[in-house]
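Here are the chains, one letter per residue:
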Amino acid sequence: MKIAMVASEAAPFIKTGGLGDVLQALPAELARIKGNEVALYLPYYKKIKYDPKVETELVSSFTVNLTWRQQYVGLFRWKNGNKNLQVYFLDNEYYFCRDGLYGFYDDGERFAFFAKATLASMCRIGQRPEIIHCHDWQSALVPIYLEAEYRDRLPEARTVFTIHNVEYQGKAGPEFFNEVLGLDDLWRGVCTHDGCINFMKAAVVKADLVTTVSETYAKELRYPYFAHGLSGVLASRGDKLRGITNGIDVETYDPARDKALVRNYSADDLNGKQTCKQALQWELGLAQSDAPLLAMVTRLASHKGIDILCYIIRRLLERDLQLVIVGTGEAKYEHALQSVASEFPQKFSMNLKFDSALASKVYGGADIYLMPSKSEPCGLSQLIAMHYGTIPVVNAIGGLKDTVLPYDPTTGEGRGYTFQSYNGDDFLGAIDRALADYRGDRAAWQRLMKADMEADFSWKIPAQKYMELYCSLL
Ligand code: GLC
């Protein structure tokens, strides 16, 4: 099958969040399936263009129009691709040669250009994919421009649109339709929602299939509490809205091979994890102690549950435990957490940075991983934590509900600890249950660690599910 993936980020080229991880692993996994040819399209951002490790060659150059604007497109191809997996970068220095990826006054125009330039590139090089799979609002106009302007040249293409986070929809004022999009007036309704131009809404209406990154989030998106204004539109797609839970790259995230760990370990030999814990305590200036070590690697944003964490943090630290947090974010949370940390230097280490080696050491050295997100389309860190034998405590919503089944100490089934309503006391209650089991029956706790480490979080199953969906469209 010929599959094109269109997205605004993909590791290892460029990444700001989970989207970048997915766009690294999913195309690679699909390309491993016999008979598939996968092409990934990305903007040629400054950071990629001037990265000496990313070697590219110019394939073609031409222009596309956004109303009166005639814009240059340079189509570059990654030199390390192969027949099964090609990566293309769309060059236009005016739009993409900037520091950073998003957050500019003209983001709407930049990604309208990206959508159009991608389709034009496919036509230019005679790509003719059968499936065009777009991700999040930045590539959401692809299904629209395909139908409106490129259908005759890409007659077989069917479109899939995946929502990684409904919070970011790509909105612009109504004038954007005439000033930038340059579409026939019959498309105005499709592109408009609540009086604004809304990229994501347009894709939800127009893509042949809409997916999101867990089954529970696919259900939640039908309700106003989760859908940020799009619940009606999403619900109207009925069974054309599906959930496929993400995997993780089990080669990158492997405690048996992770070079950041002082000692590697596996489900068969957990000894190294104790060494990792001691090394982490030492590195962060925590007391060398047997107390359970709790951890979070997170953005300090309220939807990650930092508000309820702040609400319980003093009560939490009265208990015999240690806490490590790694991450940056909203200033009010940075200040609040840092000030608590200064009161409990032996027990609580607050690290206001993002450092992937430190993140690995935390996944490796901690006993319990906290993820109280208010909403979570899928979530990656709970999967990494479990893969490193660190037991999660999560709010049972979205992907957290699907991946962290509640542990039942009587049967030994389940993977972690959950709470059902978003409030600090229930969160603390779930932590207390985990602490009691940790202290109570060490043998049972070790069995839980092993079961979590052995669970299959690879991309094999999700890639197969995407293949089934693609096939259903052809
Ligand atoms: C977004 C979501 C996160 C998900 C990731 C990859 O970042 O917030 O839950 O895991 O996309 O799909």
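Refer to the structure presented above.
Scope of this entry: the structure provided in the associated data block. (Residues numbered from 1 in each chain as written. Predicted model: local features only at pLDDT ≥ 70, side-chain atom pairs only at ≥ 80, totals over all residues. Heavy atoms only, no water.)

So, about the sheet that holds strand 13 (residues 293-297). Sheet architecture is open: six strands sit in the order 15-14-13-16-17-18, paired in parallel fashion. The open sheet has two edge strands with one neighbour each: strand 15 (348-351) and strand 18 (417-419). Between one strand and the next, the sheet's axes are offset by a mean angle of 15°, whatever the strand orientation. Here strand 16 (residues 368-371) runs beside strand 17 (residues 391-395); their pairing, made up of four bridges, is parallel. Among the inter-strand pairings, Met371 is bridged to a residue of strand 17, identified as Val394. The strands touched by helix 15 (residues 356-365) within the sheet are strand 13, strand 14 (322-326), strand 15 and strand 16, with strand 13 carrying the most contacts at an inclination of about 145°. Across the sheet, helix 18 (residues 424-440) lies against strand 13, strand 16, strand 17 and strand 18, angled at about 160° from strand 18, the strand it touches most. (Pairing = 2+ DSSP bridges. Helix = DSSP H or I, 4+ residues; strand = E, 2+ residues; numbered from the N terminus. Axes fitted to C-alpha atoms, helices over the stretch in contact; angles between N-to-C directions. Contact = heavy atoms within 4.5 Å.)

The final tally for this structure, using the stated rule, is 24 salt bridges. The partner of Glu29 in a salt bridge is Arg32, with the nearest N and O atoms 2.8 Å apart. With Glu29 and Arg32 both in helix 1 (residues 18-32) and three residues apart, the pair spans about one turn of that helix. Lys304 serves as the salt-bridge partner of Glu376, at 2.9 Å between the closest nitrogen and oxygen. You can see Glu376 sitting in the loop between strand 16 and helix 16 (381-387) and its partner Lys304 sitting in the loop between strand 13 and helix 13 (306-318), a full 72 residues away along the chain. Of the two residues, Glu376 and Lys304, neither departs from the other in class, the shared state being buried. Via salt bridges that share partners, Lys49, Asp91 and Glu93 belong to a single interconnected network. (Salt bridge = Lys/Arg side-chain N within 4 Å of Asp/Glu carboxyl O. Buried < 20%, exposed > 50% of the residue type's maximum accessible area, 1.4 Å probe, protein only.)

With that settled, consider the pairing of strand 14. A large share of strand 14 lies buried, amounting to five of its five residues. Residues of strand 14 alternate between two faces, with Gln322, Val324 and Val326 on one and Leu323 and Ile325 on the opposite face, all of them buried. Bridging between strand 13 and strand 14 involves five bridges; their strand directions are parallel. Counted as the bridge partner of Val297 is Val326 from strand 14. Here strand 14 pairs with strand 15 via four bridges, running parallel. Opposite Ile325, over in strand 15, you have Met350 as the bridge partner.

Purely spatial values, then, with no claim about function.
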